[in-house]
Amino acid sequence: MMESRVKKLAVTLMDATTDKDPLVQEQIYNALCYLGDSEPEEILNSCDEYLRQHDKLAYHHRVTILKAMEAVLMNNIDYLDKSTAKIVIFLASNEMTKSKEIIYDWQQAASNVLVAAGRRFINKVMEEVLTKFQPGILPHYFIVQTFANLSVSNVFGMVPFLNSILGTMLPMLGMAKQDHMKSVFCYALQHFSESIQEYLANLDKAPDPTVRKDTFSSEIFNAYDVLFNVWLQSREAKLRFAVVKALGPMSHLMPSEKLEEQLPRLVPGILALYKKHVEAFYVTKSLCQILEASVNFGSRTLDTQLDALLSTLHPQICAPVESSVPLSLKNHNEVLRCFTVLACTFPDRLLGFLLPKLESHNERIRVGTLIIMRQIINCAPSQMEIKKPFILSSMKLPLQDNSNKVKRAVVQVISAMAHHGYLEQTGGEVMIEYIVHQCALPPDTQPRKQTPEADDLTSDSVQNISINTLFLISTTVDRMDAVLWPYLLEFVTPLQFTGALTPLCRSLMHLAMKKQEEGENAFLIHYDTHANLPSPCALMARLLIVSSQPYLGDGRGTAALRLLNVLHRNIHPVLGELWNKKIPPLVEHLEANTEKSLSPKEWEDKLLLFLRETLTAISDNTWICQFSTEMCKQLNNYNCFPSEKNFLYKCIGTALGVCSNKDVVQKHLQELLETARYQEEAEREGLASGFGICAINHLDETLAKLEDFVKSDIFKKSVGLFSIFKDRSDNEAEKIKSTLILCYGYVARYAPKELVLSRIEADILRNIFQYFNTRVLGIKVETKDLTLKLCLIRSISMISQAISNSAQSDAFVFSRKAELLAQMLEFIKTEPLDLLRTPIRQRAMISCTYLVILEPPLNEPDHVELINTCLSSVLALPPLDVLKERDGHMPDALHKETLYHDTISALKGLLKSILQKDLTPRGLQSMFEHLGPWIRSSKEHERERAVEVSAVLLEFYRDTLNVSTVVPFYNLGLLVALFSPRCSDSLASIRLRAVDCAYYLLCIQLCYEGFAHNYRDEMVERLKDLKNGLEDPDFTILFNTCYNIAMVIGKRLPPDQLMSLLLMMFEGLADPDQNCSRAAAVMINAILKERGGVLLEKSQLSPHRRQLG
């Protein structure tokens, strides 16, 4: 009969096993396995035949084939017939025992084949292997090992054989002289014992349910006698290692009386091994099994070993787990299991040992003890039940420990306590407070140490585990609901728990939602029975204030608002519908933004509107008064949080604005003025904003209170006659005056539009200048206080805006306009021209911007002085790099740069405001008469600023211009000629902006010609494309570009403007910048070439014009 193709292929593959390349060996193995999955019996028979026929094949090649046979058996054991199994078993047995010497890989591979076959054909395997396991004859090493592995892989099949195997094996123990044989006997006894325990634990599924522990007890004890008394004394570590691994499982099968008898020797013997073994895991595992076995039968002698056990095991938990030692963590867990076993039997003695150690000042001892406490709380709950008060009281000292490792361990213990009812006991609230304290830990300021235990050393780590623990016990431990609700609300308002607000709010929200599901009675808080709870007003105030800085503390704004929404019935019964409508959009706004993208002012405005709508909906004046009082009480809490305190003042102003009780309003306004910390900028700003917001509905009361305060003793004590001679830089009197001036500014800003004009000159400005102008013996003394100046400037700005926005602004003539402008100019003039120290000139120009648009218009001298003063103050400043280096009041270069750009921006805004008043060619001409000298300045930085300002003004003029009738742009040529030579300036930035100026001028001309704003002239648009040529420093390219620019200008300029353009360009020939004078020549040449004919024609028609030219 011809060989099958599969067999031929298998033989070919097995022939190739002689290849020494490991990769080839692996490929042969995989190929045989693949074939075996298709034709298992044929492949197994082929392998059997091949190995029998090639008796001399080297063992490492035989290993590949045997491994393939094992894999085929494992995958296809259910499909094999008995005859094939018998063949394979016989082959594997022979392969395994052919050599009396141990050839590990070969014999292990053969043993594995037998074990794989034994999963289904255990009787066949045992029938074969037992023939080589004869009484009185020391068996082959792998026969014993195969028995052991079979007992693991097929418990139900193997255990019935173990009694007879043990009977045959026991006499052999004395015959074993070599350590490797002793080790394999230990290995077998370990696995036999484990298999017997598993069998006994599953008797209901076992084939022979009559099997009992005492069936094996005698043999196991006899084996124990040899292992413990003889082999454990060996100097060979590997043998001791094998013995200790066997003793643990064996202890469960020993007769109870024998184990009891042995314990006084066994336990010390095992404990002594810790000193001999570097790796403690297997010693601990065996010890734990011995302890479990002893406890199971109720040992009476184990207690005599308890002190030795505790003193040996405790230090192992105190020692840090070494990640570099693979079994270190496993040993740690096994030691904890030992403590669990002891806790179940000796709870009193164990606690008597552990609790005093919590008083130790040694960090490791305290941490280790806490870890054990957590273990026994979790794993011995019934034994610890009556010990709860005792355990809680023992935590007093650990709660005071500042070590981060101790803190983390304490938190973990508290977590365990929460799950087992400890926190419901007296003293449990202290534990919850501790958790909340840890949630509020400030972030680490020191850099992390690069150590394996770095995570354990940081406050952040303690905080994170505390946050997770609080959330876990709030959301998953049902029994904690009654403990935490509403108790956790007590931590919302105290300042020291600010850092914990986000996790607190999240936990409280979850608890509140669960209480809502239970019904209204469970959810509604009875404040009268919870004396320590914050009031509804206090809760609302606190949660609203912290929401003003919404991204601090891992998003506390979102958490606080969501909690507020859930609590609505516990704040006020009418708020449900409103808050369900208003709060979700606020939360969505926060989630749609980040800390960088959120506009702080827009967010504050949203919250203040929400507060106003809330108080309006409540419409309970008594409640609103209580709320205002509560917010005033909380002011001092935010002394270290200036942003929050600033917002709180605004909230107080909002609440007082809604309050209809005028006496309460004046009382609180008085309190605010008396208690404010005037030295703090954010507080001055917040107080003034609050007064302004209050004035929306209480204008007269607010103005009256400000005036009354000035007359009060408190103000007079601060502003005495001789206080003007003190150093004003930190003088309390100047700061009070500054705040009052700012208050008036905000009152004007927020006052009702229909009422503000009547109060501005009579009340507001009169008092402002009373505070600002100090007089001594009738002589005006100029203040040096920067804050006072800045507050005055800001107030003037707000007053000007209020006038502009008022209902009767068009008819209002502001009689003090010139006086205020003069004061602003005085501030600007006193600023040094070589330094940018303060925002005085910037703020003063902003104030002038609002003033100039008011009636009456400025006279010509004032108009000229205003423009020239501001231009000189800003354009003449040194370059930005020089300003950054020079000493001033602002050492931070970044702040100086910001101030510089803000100052330039303020100048642009002012000039736009002036130009807006006269948006005509004449107004434009007037503006550039002042700018012209700066545009032609010999200093690059002055020219650059002037041209930049010019471009902005011309763009503004173009965009704002509204031409109703076609009028001539009579000075176009002069203005174009002013900028054209600058197209070849030494600075590229000037060159580019000069082209922009020419472009805007030609666009303005198109508007005057009647074209729409959005009309784009093809020729004019070419100027934008020509800008690219100005970026190249090459003179040839530069002048060629200037020529092309001039051609565009020449083509688009009206004929009547050509002469004025050329005359002005001739002046450009004398420009101090050689490049610009050359550019003027180039551009004159281009214009004459382009439009010379027109000029000639005009000269012939009008000889008198030529004479004028």
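Residues numbered from 1 in each chain as written. Predicted model: local features only at pLDDT ≥ 70, side-chain atom pairs only at ≥ 80, totals over all residues. Heavy atoms only, no water.

A. Region of interest: the overall build of the protein. Scanning the protein for helices and strands turns up 55 helices and 2 strands. Computed over its C-alpha atoms, the radius of gyration of the protein comes to 47 Å, more than 25% above the 32 Å expected for a compact globule of 1109 residues. In terms of overall dimensions, the protein has a C-alpha envelope of 145 × 85 × 50 Å along the principal axes. The 1109 residues of the protein split such that 55% are buried. Partitioning the contacts of the protein with sequence separation of at least 6, the portion at a separation of at least 24 is 76%. As displayed, the protein offers around 49100 Å² of accessible surface, 52% of which is attributable to carbon and sulfur atoms. (Helix = DSSP H or I, 4+ residues; strand = E, 2+ residues; numbered from the N terminus. Rg over C-alpha atoms; globule rule 2.2 N^0.38 Å. Buried < 20%, exposed > 50% of the residue type's maximum accessible area, 1.4 Å probe, protein only. Contact = heavy atoms within 4.5 Å. Areas by Shrake-Rupley, 256 points an atom, 1.4 Å probe, with all protein chains shown as cover.)

B. Structural context of helix H6 (residues 104-118). For H6, with 15 residues, the first-to-last C-alpha span of 20 Å sits near the 21 Å given by 1.5 Å per residue. Counting buried residues in H6 gives 12 out of 15 residues, a clear majority hidden from the surface. Every buried residue belonging to H6 is among Trp106, Gln107, Gln108, Ala109, Ala110, Ser111, Val113, Leu114, Val115, Ala116, Ala117 and Gly118, and all of these are buried. In this fold, the buried residues of H6 make contact with helix H4 (59-76), helix H5 (82-97), helix H7 (122-130) and helix H8 (141-153). (Expected span 1.5 Å × (residues − 1).)

C. Looking closely at unusual backbone geometry. Omega for the bond connecting tryptophan 485 with proline 486 falls within 30 degrees of zero, at 0 degrees, which places this linkage in the cis form. In the segment running from glutamate 855 into proline 856, the intervening peptide bond is cis, with an omega of 0 degrees. Structurally, the position occupied by proline 856 is in the loop between helix H43 (840-852) and helix H44 (860-875). Although it is not a glycine, aspartate 554 sits at a positive phi angle of roughly 60 degrees. Take aspartate 554: it is sitting in helix H29 (residues 552-566).

D. Inspection of the side chain of lysine 388 at higher detail. Position of lysine 388 among the secondary structure elements: in helix H20 (residues 388-393). Lysine 388 gets classed as buried once you look at its relative accessible area, which sits at 3%. Polar side-chain contacts of lysine 388 include one of 3.1 Å to the side chain of glutamate 385. (Polar contact = N/O pair within 3.5 Å; in protein donor to acceptor, adjacent residues only side chain to side chain.)

E. Spotlight on the nonpolar core. If you look at the biggest cluster of nonpolar residues, it comprises 368 residues, and the most contacted ones within it are Met69, Ile165, Met169, Met417, Ile432, Leu488 and Phe627. Looking at this core element by element, the count peaks at 14 residues for helix H50 (residues 988-1008). In this structure isoleucine 165 touches Met126, Leu130, Phe133, Phe147, Met158 and Phe192, once residues within four positions along its chain are discounted. (Core = buried A, V, L, I, M, F, W, Y, C linked by side-chain atoms within 4.5 Å.)

F. Spatial organisation of the state of the cysteines. Inspection of every chain in the model, using the stated rule, returns 0 disulfides. Note on cysteine 640: no disulfide assigned, nearest cysteine sulfur contributed by cysteine 632 at a separation of 19 Å. (Disulfide = S-S within 2.5 Å.)

G. Representation of a nonpolar patch on the surface in the model. Side chains of Met1059, Leu1063, Phe1066 and Leu1069 sit close together on the surface and give an oily, nonpolar patch of about 350 Å² of accessible area. Among the secondary structure elements, leucine 1063 is positioned in helix H53 (residues 1055-1068). (Patch = residues over 30% accessible without salt bridge, like charges linked within 9 Å, V, L, I, M, F, W, Y side chains within 5 Å. Salt bridge = Lys/Arg side-chain N within 4 Å of Asp/Glu carboxyl O.)

H. Structural view of the packing of aromatic side chains. Across all of its chains, the model carries 20 aromatic pairs by this definition. Where tyrosine 487 meets phenylalanine 491, the ring centres are 5.1 Å apart and the plane angle is 85 degrees; that geometry is what we call edge-to-face. Take tyrosine 487 and phenylalanine 491: they sit in the same class, and that class is buried. With centroids separated by 5.6 Å and ring planes inclined at 40 degrees, the aromatic side chains of tryptophan 579 and phenylalanine 610 adopt a geometry described as tilted. Placement of the pair is tryptophan 579 in helix H31 (residues 576-592) and phenylalanine 610 in helix H32 (residues 600-618), with a sequence separation of 31 residues. Each of the two residues, tryptophan 579 as well as phenylalanine 610, counts as buried. Ring pairing ties together the aromatic residues Tyr104, Tyr141 and Phe142, which thus form one cluster. Geometry around tyrosine 282 places lysine 245 over its ring, the cationic atom sitting 4.7 Å from the centre. Over the ring of tyrosine 422 we find lysine 388; its NZ or CZ atom is 5.4 Å from the centre of that ring. (Phe/Tyr/Trp six-rings, centres within 6.5 Å; stacked < 30°, edge-to-face > 60°. Lys NZ or Arg CZ within 6 Å of the ring centre and 35° of its normal.)

I. Quick peek at the environment of isoleucine 270. On the secondary structure map, isoleucine 270 appears in helix H13 (residues 256-272). Along the backbone, isoleucine 270 and valine 244 are 26 residues apart, and their C-alpha atoms lie at a distance of 7.6 Å. If we ignore the near neighbours within four places in the chain, the residues touching isoleucine 270 are Val244, Leu247, Val283, Leu287 and Ile290.

J. The arrangement of helix H1 (residues 5-15) in detail. Taken together, the buried positions of H1 are Lys7, Ala10, Leu13 and Met14. Along the axis of H1, the buried residues cluster in a sector spanning 125 degrees; they form a single face. The exposed residues of H1 that point more than 90 degrees off its buried face are Arg5 and Thr12. (Arc of directions from axis to C-beta.)

K. Representation of the pattern of salt bridges within the structure. Under the defined criterion, the tally for this structure stands at 46 salt bridges. Among the ionic pairs, arginine 62 bridges to glutamate 95, the shortest N-O distance being 2.7 Å. With a gap of 33 residues between them, arginine 62 in helix H4 and glutamate 95 in helix H5 connect regions that are remote in the sequence. Using a relative accessible area of 2% as the deciding quantity, one classes glutamate 95 as buried. Close ionic contact of arginine 993 with glutamate 948 constitutes a salt bridge, the shortest N to O distance being 2.9 Å. Residue arginine 993 is found in helix H50, and its partner glutamate 948 is found in helix H48 (residues 940-960); the two are separated by 45 residues along the sequence. In this structure, a network of salt bridges that share partners links the residues Lys908, Glu948, Arg993, Asp996 and Lys1027.

L. The environment of serine 459, seen in detail. Secondary-structure assignment places serine 459 in helix H24 (residues 459-475). Each C-alpha atom of the pair serine 459 and arginine 408 lies 9.3 Å from the other, and the pair is 51 residues apart in sequence. Setting aside residues no more than four positions away along its own chain, serine 459 makes contact with Asn404, Leu441, Pro442 and Asp444.

M. How the structure looks around the confidence of the model for the protein. Across the protein, the average pLDDT comes to 89, with 94% of residues at or above 70. For residues 775-781, every residue scores under 50 in pLDDT, and the model assigns this stretch 9 contacts once sequence neighbours within four places are set aside. Confidence over residues 1104-1109 falls short of pLDDT 50; this stretch has 4 contacts with residues more than four positions distant or in other chains. (pLDDT = per-residue confidence, 0-100.)

N. Geometry of the environment of valine 11. With respect to the helices, strands and loops of the structure, valine 11 is situated in helix H1. Taking the C-alpha atoms as reference, valine 11 lies 104 Å from serine 660; in sequence the two are 649 residues apart.

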